Amino acid sequence: MAFDRVVGHDRQRQRLMNAVAQDRLAHGYLFCGPPGVGAEALAIELACAVNCESGPGEPCGQCRHCRRIRALQHPDLHLLVPSSSAPPPDRPSGRGEGSSSRGDARQERRMGLAFQLADDPYAALPFGSNDILSVDDVRSLRKDASAKPFEGRRKVAVIVAADRMNTAASNALLKTLEEPPGSLMLILTASRSQRLPPTIVSRCQPVFLARLREADVKAALIERYDIDPEEAGDLARRSEGRLSEALTARSERGAGLREEAFILLECIYDATPLRLFEQVESLAASHRDEPVMDKILDHLLALYRDLFILDTTGGSSTLSYTERVDALRALASGMDLEDIENGIAAIEEARRDIARNAHVQLALLVLVLRLRLKRGSEASRQSPSHQTPSRQSPSRRTPSDETPPHALPAAD
Ligand SMILES: [Zn+2]
(Lines give C-alpha, C1' and ligand atoms only; values in the text may rest on other atoms or scores of the structure.)
Protein backbone atom coordinates (compact mmCIF):
# COMPACT_ATOMS: atom_id res chain seq x y z
CA MET A 1 0.00 0.00 0.00
CA ALA A 2 1.23 3.49 -0.87
CA PHE A 3 2.45 5.78 1.91
CA ASP A 4 2.72 3.06 4.50
CA ARG A 5 3.73 5.49 7.22
CA VAL A 6 0.18 6.84 7.08
CA VAL A 7 -2.57 5.08 9.04
CA GLY A 8 -5.82 4.25 7.19
CA HIS A 9 -7.19 6.30 4.26
CA ASP A 10 -6.21 3.60 1.75
CA ARG A 11 -8.17 5.06 -1.15
CA GLN A 12 -6.82 8.59 -0.72
CA ARG A 13 -3.25 7.30 -0.40
CA GLN A 14 -3.54 5.29 -3.59
CA ARG A 15 -5.06 8.20 -5.45
CA LEU A 16 -2.19 10.49 -4.43
CA MET A 17 0.45 7.89 -5.24
CA ASN A 18 -1.06 7.45 -8.70
CA ALA A 19 -0.83 11.21 -9.20
CA VAL A 20 2.83 11.15 -8.10
CA ALA A 21 3.65 8.23 -10.40
CA GLN A 22 1.88 9.79 -13.37
CA ASP A 23 3.31 13.25 -12.66
CA ARG A 24 -0.07 14.91 -12.52
CA LEU A 25 -0.05 16.38 -9.04
CA ALA A 26 -2.11 19.50 -8.50
CA HIS A 27 -0.53 22.78 -7.40
CA GLY A 28 -2.80 23.00 -4.40
CA TYR A 29 -4.32 20.36 -2.14
CA LEU A 30 -6.67 20.66 0.77
CA PHE A 31 -6.48 17.73 3.17
CA CYS A 32 -9.51 18.05 5.38
CA GLY A 33 -10.89 15.88 8.11
CA PRO A 34 -11.33 15.77 11.88
CA PRO A 35 -8.20 16.66 13.87
CA GLY A 36 -5.89 13.75 14.53
CA VAL A 37 -6.79 11.52 11.58
CA GLY A 38 -3.44 12.13 9.86
CA ALA A 39 -3.73 15.07 7.44
CA GLU A 40 -0.28 16.36 8.42
CA ALA A 41 1.27 12.88 8.25
CA LEU A 42 -0.09 12.44 4.73
CA ALA A 43 1.12 15.91 3.68
CA ILE A 44 4.65 15.22 4.93
CA GLU A 45 4.75 11.84 3.16
CA LEU A 46 3.54 13.41 -0.07
CA ALA A 47 6.40 15.93 0.18
CA CYS A 48 8.77 12.96 0.63
CA ALA A 49 7.27 11.11 -2.35
CA VAL A 50 7.88 14.09 -4.60
CA ASN A 51 11.47 14.60 -3.47
CA CYS A 52 12.71 11.10 -2.52
CA GLU A 53 16.06 10.21 -4.10
CA SER A 54 14.68 6.96 -5.45
CA GLY A 55 11.43 8.62 -6.55
CA PRO A 56 9.25 10.28 -7.39
CA GLY A 57 7.26 7.48 -5.86
CA GLU A 58 6.90 5.66 -2.58
CA PRO A 59 9.16 7.45 -0.04
CA CYS A 60 12.16 5.27 0.86
CA GLY A 61 12.37 6.88 4.30
CA GLN A 62 16.15 6.47 4.27
CA CYS A 63 17.55 8.99 1.80
CA ARG A 64 18.66 12.45 2.90
CA HIS A 65 15.53 14.03 1.44
CA CYS A 66 13.08 11.68 3.15
CA ARG A 67 14.88 11.93 6.46
CA ARG A 68 15.12 15.70 6.42
CA ILE A 69 11.56 16.22 5.22
CA ARG A 70 10.25 13.96 7.98
CA ALA A 71 12.33 15.93 10.47
CA LEU A 72 10.84 19.10 8.91
CA GLN A 73 14.38 20.32 8.24
CA HIS A 74 14.52 20.23 4.44
CA PRO A 75 15.27 23.51 2.64
CA ASP A 76 12.54 22.79 0.06
CA LEU A 77 9.87 22.06 2.63
CA HIS A 78 8.08 25.10 3.98
CA LEU A 79 5.96 24.53 7.00
CA LEU A 80 3.48 27.13 8.16
CA VAL A 81 2.07 26.56 11.63
CA PRO A 82 -0.38 28.91 13.34
CA SER A 83 1.03 30.54 16.42
CA SER A 84 0.46 33.19 19.04
CA SER A 85 2.52 34.84 21.73
CA ALA A 86 1.48 32.11 24.20
CA PRO A 87 4.34 29.97 25.53
CA PRO A 88 5.50 27.00 23.44
CA PRO A 89 3.61 23.76 24.17
CA ASP A 90 6.42 22.26 26.19
CA ARG A 91 6.47 25.18 28.55
CA PRO A 92 3.25 25.93 30.43
CA SER A 93 2.33 29.57 31.04
CA GLY A 94 3.81 31.23 34.08
CA ARG A 95 7.06 29.34 33.82
CA GLY A 96 8.40 31.16 30.81
CA GLU A 97 11.83 32.61 30.54
CA GLY A 98 10.18 35.60 28.95
CA SER A 99 10.73 36.52 25.34
CA SER A 100 12.20 39.79 24.29
CA SER A 101 9.29 40.65 21.99
CA ARG A 102 5.93 39.49 20.75
CA GLY A 103 7.45 38.42 17.44
CA ASP A 104 10.06 36.32 19.22
CA ALA A 105 7.36 34.73 21.36
CA ARG A 106 5.35 33.80 18.27
CA GLN A 107 8.41 32.37 16.62
CA GLU A 108 9.31 30.41 19.72
CA ARG A 109 5.82 28.95 19.95
CA ARG A 110 5.77 28.13 16.25
CA MET A 111 9.03 26.25 16.62
CA GLY A 112 7.75 24.39 19.66
CA LEU A 113 4.67 23.28 17.71
CA ALA A 114 6.77 22.31 14.68
CA PHE A 115 9.09 20.23 16.88
CA GLN A 116 6.08 18.32 18.14
CA LEU A 117 5.00 17.63 14.59
CA ALA A 118 8.51 16.60 13.54
CA ASP A 119 8.64 14.26 16.49
CA ASP A 120 5.32 12.67 15.56
CA PRO A 121 3.08 13.81 12.69
CA TYR A 122 0.14 12.43 14.69
CA ALA A 123 0.85 14.70 17.66
CA ALA A 124 -2.19 16.72 18.69
CA LEU A 125 -1.01 20.30 18.41
CA PRO A 126 -2.46 22.27 21.33
CA PHE A 127 -3.75 25.25 19.38
CA GLY A 128 -5.46 27.94 21.40
CA SER A 129 -7.94 30.48 20.12
CA ASN A 130 -5.13 33.02 19.55
CA ASP A 131 -3.02 30.76 17.37
CA ILE A 132 -3.43 32.10 13.87
CA LEU A 133 -1.69 32.30 10.52
CA SER A 134 -1.04 35.94 9.75
CA VAL A 135 -0.53 37.78 6.49
CA ASP A 136 3.18 38.11 7.33
CA ASP A 137 3.40 34.32 7.65
CA VAL A 138 1.92 33.88 4.18
CA ARG A 139 4.10 36.63 2.68
CA SER A 140 7.26 35.12 4.08
CA LEU A 141 6.19 31.77 2.68
CA ARG A 142 5.70 33.29 -0.75
CA LYS A 143 9.12 34.93 -0.56
CA ASP A 144 10.91 31.75 0.56
CA ALA A 145 9.05 29.51 -1.84
CA SER A 146 9.54 31.61 -4.95
CA ALA A 147 13.17 30.49 -5.36
CA LYS A 148 14.04 27.35 -7.30
CA PRO A 149 14.28 24.13 -5.27
CA PHE A 150 17.62 24.06 -3.44
CA GLU A 151 18.17 20.34 -3.34
CA GLY A 152 14.94 18.53 -4.06
CA ARG A 153 12.80 18.30 -7.21
CA ARG A 154 9.95 20.42 -6.04
CA LYS A 155 9.25 22.88 -3.28
CA VAL A 156 6.38 21.89 -1.04
CA ALA A 157 4.60 24.16 1.41
CA VAL A 158 2.50 22.53 4.11
CA ILE A 159 0.09 24.96 5.72
CA VAL A 160 -1.04 23.33 8.94
CA ALA A 161 -4.52 24.20 10.24
CA ALA A 162 -5.14 26.55 7.32
CA ASP A 163 -8.58 27.24 8.80
CA ARG A 164 -6.71 29.43 11.30
CA MET A 165 -5.85 32.03 8.68
CA ASN A 166 -7.25 35.50 9.15
CA THR A 167 -8.80 37.33 6.21
CA ALA A 168 -5.64 39.19 5.21
CA ALA A 169 -3.68 35.95 5.25
CA SER A 170 -6.35 34.23 3.13
CA ASN A 171 -6.18 37.01 0.57
CA ALA A 172 -2.41 36.77 0.41
CA LEU A 173 -2.60 33.00 0.06
CA LEU A 174 -5.17 33.30 -2.69
CA LYS A 175 -2.60 35.14 -4.82
CA THR A 176 -0.08 32.37 -4.23
CA LEU A 177 -2.65 29.73 -5.18
CA GLU A 178 -3.60 31.61 -8.33
CA GLU A 179 0.00 32.03 -9.47
CA PRO A 180 2.10 29.47 -7.61
CA PRO A 181 5.74 30.56 -7.83
CA GLY A 182 7.86 28.05 -9.74
CA SER A 183 6.99 24.44 -9.09
CA LEU A 184 5.63 25.09 -5.60
CA MET A 185 3.02 22.62 -4.38
CA LEU A 186 0.80 23.84 -1.55
CA ILE A 187 -0.84 21.42 0.84
CA LEU A 188 -3.35 22.89 3.25
CA THR A 189 -4.62 20.87 6.18
CA ALA A 190 -7.86 21.85 7.91
CA SER A 191 -10.30 20.29 10.31
CA ARG A 192 -12.89 23.03 9.80
CA SER A 193 -12.75 23.60 6.07
CA GLN A 194 -16.04 25.51 6.24
CA ARG A 195 -14.02 28.34 7.79
CA LEU A 196 -11.87 28.68 4.69
CA PRO A 197 -13.02 31.18 2.07
CA PRO A 198 -14.66 29.40 -0.90
CA THR A 199 -12.13 31.10 -3.18
CA ILE A 200 -9.33 29.20 -1.44
CA VAL A 201 -11.21 25.89 -1.37
CA SER A 202 -12.10 26.09 -5.05
CA ARG A 203 -8.43 26.48 -6.00
CA CYS A 204 -7.35 23.35 -4.16
CA GLN A 205 -7.96 19.74 -4.95
CA PRO A 206 -9.80 18.41 -1.91
CA VAL A 207 -8.81 15.18 -0.21
CA PHE A 208 -11.37 14.18 2.40
CA LEU A 209 -10.07 12.20 5.34
CA ALA A 210 -12.65 10.41 7.45
CA ARG A 211 -12.28 9.17 11.00
CA LEU A 212 -10.04 6.12 11.22
CA ARG A 213 -11.39 2.65 11.84
CA GLU A 214 -11.09 1.59 15.47
CA ALA A 215 -9.08 -1.45 14.36
CA ASP A 216 -6.61 0.79 12.49
CA VAL A 217 -6.12 3.02 15.53
CA LYS A 218 -5.60 -0.02 17.73
CA ALA A 219 -3.10 -1.60 15.33
CA ALA A 220 -1.16 1.67 15.04
CA LEU A 221 -1.00 2.04 18.82
CA ILE A 222 0.38 -1.48 19.19
CA GLU A 223 2.81 -1.44 16.27
CA ARG A 224 4.10 2.12 16.36
CA TYR A 225 3.76 3.15 19.96
CA ASP A 226 4.42 -0.20 21.57
CA ILE A 227 1.25 -0.06 23.64
CA ASP A 228 -0.02 -3.38 24.93
CA PRO A 229 -3.07 -4.73 23.09
CA GLU A 230 -5.53 -4.35 25.95
CA GLU A 231 -4.69 -0.70 26.59
CA ALA A 232 -4.52 -0.05 22.83
CA GLY A 233 -8.02 -1.48 22.41
CA ASP A 234 -9.30 0.68 25.24
CA LEU A 235 -7.67 3.85 23.87
CA ALA A 236 -8.85 3.10 20.32
CA ARG A 237 -12.43 2.68 21.50
CA ARG A 238 -12.32 6.09 23.17
CA SER A 239 -10.47 7.83 20.33
CA GLU A 240 -13.47 8.47 18.05
CA GLY A 241 -11.31 7.44 15.12
CA ARG A 242 -8.55 9.96 15.84
CA LEU A 243 -5.11 8.55 16.49
CA SER A 244 -3.87 11.77 18.09
CA GLU A 245 -6.81 11.61 20.46
CA ALA A 246 -5.74 8.17 21.65
CA LEU A 247 -2.19 9.42 22.17
CA THR A 248 -3.35 12.49 24.08
CA ALA A 249 -5.60 10.38 26.27
CA ARG A 250 -2.60 8.27 27.18
CA SER A 251 -0.40 11.22 28.13
CA GLU A 252 -0.33 12.56 31.66
CA ARG A 253 -2.11 15.68 30.50
CA GLY A 254 -4.78 13.63 28.78
CA ALA A 255 -5.35 11.52 31.86
CA GLY A 256 -5.63 14.71 33.93
CA LEU A 257 -8.29 16.20 31.64
CA ARG A 258 -10.22 12.96 31.70
CA GLU A 259 -10.21 13.06 35.46
CA GLU A 260 -11.23 16.72 35.48
CA ALA A 261 -14.22 15.91 33.28
CA PHE A 262 -15.28 13.24 35.73
CA ILE A 263 -15.00 15.68 38.64
CA LEU A 264 -17.10 18.11 36.61
CA LEU A 265 -19.77 15.45 36.15
CA GLU A 266 -19.80 14.85 39.89
CA CYS A 267 -20.15 18.58 40.45
CA ILE A 268 -23.04 18.75 37.97
CA TYR A 269 -24.79 16.09 39.94
CA ASP A 270 -23.69 16.87 43.41
CA ALA A 271 -22.52 20.43 43.94
CA THR A 272 -24.24 23.77 44.27
CA PRO A 273 -24.36 26.06 41.22
CA LEU A 274 -21.70 28.24 42.79
CA ARG A 275 -19.32 25.35 43.19
CA LEU A 276 -20.03 24.31 39.63
CA PHE A 277 -19.19 27.84 38.50
CA GLU A 278 -15.96 27.73 40.49
CA GLN A 279 -15.06 24.40 38.95
CA VAL A 280 -15.47 25.75 35.41
CA GLU A 281 -13.48 28.86 36.40
CA SER A 282 -10.69 26.81 37.86
CA LEU A 283 -10.58 24.62 34.77
CA ALA A 284 -10.28 27.69 32.58
CA ALA A 285 -7.66 29.31 34.82
CA SER A 286 -5.45 26.26 34.96
CA HIS A 287 -5.48 25.76 31.19
CA ARG A 288 -5.42 29.33 29.97
CA ASP A 289 -3.36 28.73 26.85
CA GLU A 290 -4.74 25.40 25.77
CA PRO A 291 -7.96 24.60 23.97
CA VAL A 292 -8.99 22.13 26.67
CA MET A 293 -12.66 23.03 26.89
CA ASP A 294 -13.33 21.13 23.66
CA LYS A 295 -11.56 18.18 25.18
CA ILE A 296 -13.54 18.45 28.41
CA LEU A 297 -16.73 18.42 26.33
CA ASP A 298 -15.55 15.30 24.52
CA HIS A 299 -14.97 13.57 27.85
CA LEU A 300 -18.26 14.80 29.23
CA LEU A 301 -20.03 13.38 26.19
CA ALA A 302 -18.25 10.07 26.72
CA LEU A 303 -19.46 10.09 30.34
CA TYR A 304 -23.07 10.72 29.30
CA ARG A 305 -22.81 7.96 26.70
CA ASP A 306 -21.60 5.68 29.48
CA LEU A 307 -24.59 6.68 31.60
CA PHE A 308 -26.83 5.92 28.60
CA ILE A 309 -25.28 2.46 28.15
CA LEU A 310 -25.59 1.68 31.86
CA ASP A 311 -29.18 2.89 31.93
CA THR A 312 -30.25 0.94 28.84
CA THR A 313 -28.18 -2.24 28.84
CA GLY A 314 -26.57 -2.31 32.27
CA GLY A 315 -23.49 -3.84 30.64
CA SER A 316 -20.10 -2.24 31.21
CA SER A 317 -17.91 -3.84 28.55
CA THR A 318 -18.20 -0.95 26.08
CA LEU A 319 -17.88 1.90 28.58
CA SER A 320 -15.36 4.64 28.03
CA TYR A 321 -14.78 5.26 31.75
CA THR A 322 -14.44 1.60 32.73
CA GLU A 323 -12.43 2.60 35.80
CA ARG A 324 -15.44 4.56 37.10
CA VAL A 325 -18.09 1.94 36.51
CA ASP A 326 -19.37 1.83 40.10
CA ALA A 327 -19.75 5.58 40.47
CA LEU A 328 -21.36 5.84 37.02
CA ARG A 329 -23.74 2.99 37.75
CA ALA A 330 -24.85 4.81 40.90
CA LEU A 331 -25.38 8.03 38.94
CA ALA A 332 -27.24 6.24 36.14
CA SER A 333 -29.58 4.57 38.60
CA GLY A 334 -30.70 8.01 39.76
CA MET A 335 -31.38 9.36 36.27
CA ASP A 336 -34.18 8.96 33.75
CA LEU A 337 -33.21 7.88 30.27
CA GLU A 338 -34.80 11.06 29.00
CA ASP A 339 -32.53 13.19 31.23
CA ILE A 340 -29.49 11.41 29.87
CA GLU A 341 -30.64 11.82 26.26
CA ASN A 342 -31.33 15.50 26.87
CA GLY A 343 -27.88 15.80 28.43
CA ILE A 344 -26.24 14.29 25.35
CA ALA A 345 -28.20 16.63 23.09
CA ALA A 346 -27.16 19.63 25.23
CA ILE A 347 -23.48 18.66 25.06
CA GLU A 348 -23.67 18.23 21.30
CA GLU A 349 -25.34 21.60 21.00
CA ALA A 350 -22.54 23.18 23.06
CA ARG A 351 -19.97 21.56 20.76
CA ARG A 352 -21.74 23.04 17.74
CA ASP A 353 -21.85 26.46 19.43
CA ILE A 354 -18.13 26.31 20.11
CA ALA A 355 -17.45 25.22 16.52
CA ARG A 356 -19.44 28.30 15.46
CA ASN A 357 -17.11 30.47 17.54
CA ALA A 358 -19.12 30.87 20.74
CA HIS A 359 -17.18 31.98 23.81
CA VAL A 360 -15.85 28.63 24.95
CA GLN A 361 -15.84 29.14 28.70
CA LEU A 362 -19.28 30.69 28.66
CA ALA A 363 -20.64 27.88 26.49
CA LEU A 364 -19.29 25.33 28.97
CA LEU A 365 -20.77 27.21 31.91
CA VAL A 366 -24.20 27.43 30.30
CA LEU A 367 -23.97 23.75 29.45
CA VAL A 368 -23.11 22.53 32.94
CA LEU A 369 -25.89 24.62 34.44
CA ARG A 370 -28.34 23.15 31.93
CA LEU A 371 -27.12 19.65 32.70
CA ARG A 372 -27.56 20.38 36.38
CA LEU A 373 -31.14 21.49 35.85
CA LYS A 374 -31.87 18.40 33.77
CA ARG A 375 -30.82 16.14 36.56
CA GLY A 376 -32.81 18.28 39.04
CA SER A 377 -35.95 16.19 39.48
CA GLU A 378 -34.16 13.04 40.49
CA ALA A 379 -31.54 14.78 42.59
CA SER A 380 -34.17 16.38 44.73
CA ARG A 381 -35.63 12.97 45.51
CA GLN A 382 -32.42 11.43 46.68
CA SER A 383 -29.05 12.44 47.94
CA PRO A 384 -26.49 11.33 45.37
CA SER A 385 -23.56 12.34 47.55
CA HIS A 386 -23.87 8.95 49.23
CA GLN A 387 -23.69 7.18 45.92
CA THR A 388 -20.55 8.58 44.41
CA PRO A 389 -17.16 8.45 46.04
CA SER A 390 -16.47 12.04 46.95
CA ARG A 391 -13.83 13.46 44.67
CA GLN A 392 -14.81 17.06 44.88
CA SER A 393 -12.89 19.88 43.35
CA PRO A 394 -10.49 21.55 45.74
CA SER A 395 -12.57 24.74 45.72
CA ARG A 396 -13.40 25.97 49.16
CA ARG A 397 -16.82 25.93 50.73
CA THR A 398 -18.31 29.31 51.41
CA PRO A 399 -21.59 30.23 53.02
CA SER A 400 -22.90 31.26 49.60
CA ASP A 401 -22.36 27.66 48.51
CA GLU A 402 -25.86 27.11 49.70
CA THR A 403 -27.23 29.48 47.08
CA PRO A 404 -30.28 27.82 45.57
CA PRO A 405 -30.21 27.18 41.82
CA HIS A 406 -32.87 29.78 41.01
CA ALA A 407 -30.62 32.54 42.41
CA LEU A 408 -28.24 32.14 39.49
CA PRO A 409 -28.67 33.67 36.05
CA ALA A 410 -30.93 31.40 34.05
CA ALA A 411 -28.96 28.81 32.14
CA ASP A 412 -31.54 28.20 29.49
ZN1 LIG B 1 13.81 8.73 0.09
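My aim in this report is to walk through the structure given alongside it, one point at a time. (Residues numbered from 1 in each chain as written. Predicted model: local features only at pLDDT ≥ 70, side-chain atom pairs only at ≥ 80, totals over all residues.)

### Thoughts on the sheet that holds strand E4 (residues 185-190)
Taken in spatial order, the 5 strands of this open sheet run E2-E3-E4-E1-E5, and their pairing is parallel. Looking at which strands have only one partner, the edges of the open sheet turn out to be strand E2 (77-80) and strand E5 (205-208). Taking the axes of each pair of neighbouring strands and ignoring which way they run, one obtains an average angle of 20° across the sheet. As paired strands, strand E3 (residues 156-159) and E4 are joined by 4 bridges and run parallel to one another. Looking across to E4, one finds that valine 158 is bridged to isoleucine 187. (Pairing = 2+ DSSP bridges. Helix = DSSP H or I, 4+ residues; strand = E, 2+ residues; numbered from the N terminus. Axes fitted to C-alpha atoms, helices over the stretch in contact; angles between N-to-C directions.)

### Section: the packing of helix H5 (residues 135-145) against helix H6 (residues 167-178)
For the pair H5 and H6, the least separation of the axes is 7 Å and the interaxial angle reads 20°. By the angle class used here, H5 and H6 are roughly parallel. H6 is crossed by H5, and the crossing has left-handed handedness. Between H5 and H6, the contacting residues are Val135, Asp137, Val138, Arg139 and Arg142 on the first element and Ala168, Ala169, Ala172, Leu173 and Thr176 on the second. (Parallel < 35°, antiparallel > 145°, perpendicular 65-115°, else oblique. Left-handed = near helix turned anticlockwise from the far one by under 90°. Contact = placed C-beta atoms within 7 Å.)

### Quick word on unusual backbone geometry
Following glycine 55, the chain continues into proline 56 via a peptide bond in cis, with omega recorded as 5°. In this structure, proline 56 sits in the loop between helix H2 (39-51) and helix H3 (64-70). Within the chain, aspartate 23 stands out as a residue other than glycine whose phi angle is a positive 55°. Along the chain, the position of aspartate 23 falls in the loop between helix H1 (10-21) and strand E1 (28-32). With phi around 55°, aspartate 226 is a residue other than glycine that occupies positive phi space. Within the secondary structure, aspartate 226 is located in the loop between helix H8 (214-225) and helix H9 (229-238). Owing to 8 C-beta atoms within 10 Å, aspartate 226 belongs among the exposed residues under this scheme. (Buried ≥ 20, exposed ≤ 12 C-beta atoms within 10 Å, placed from the backbone.)

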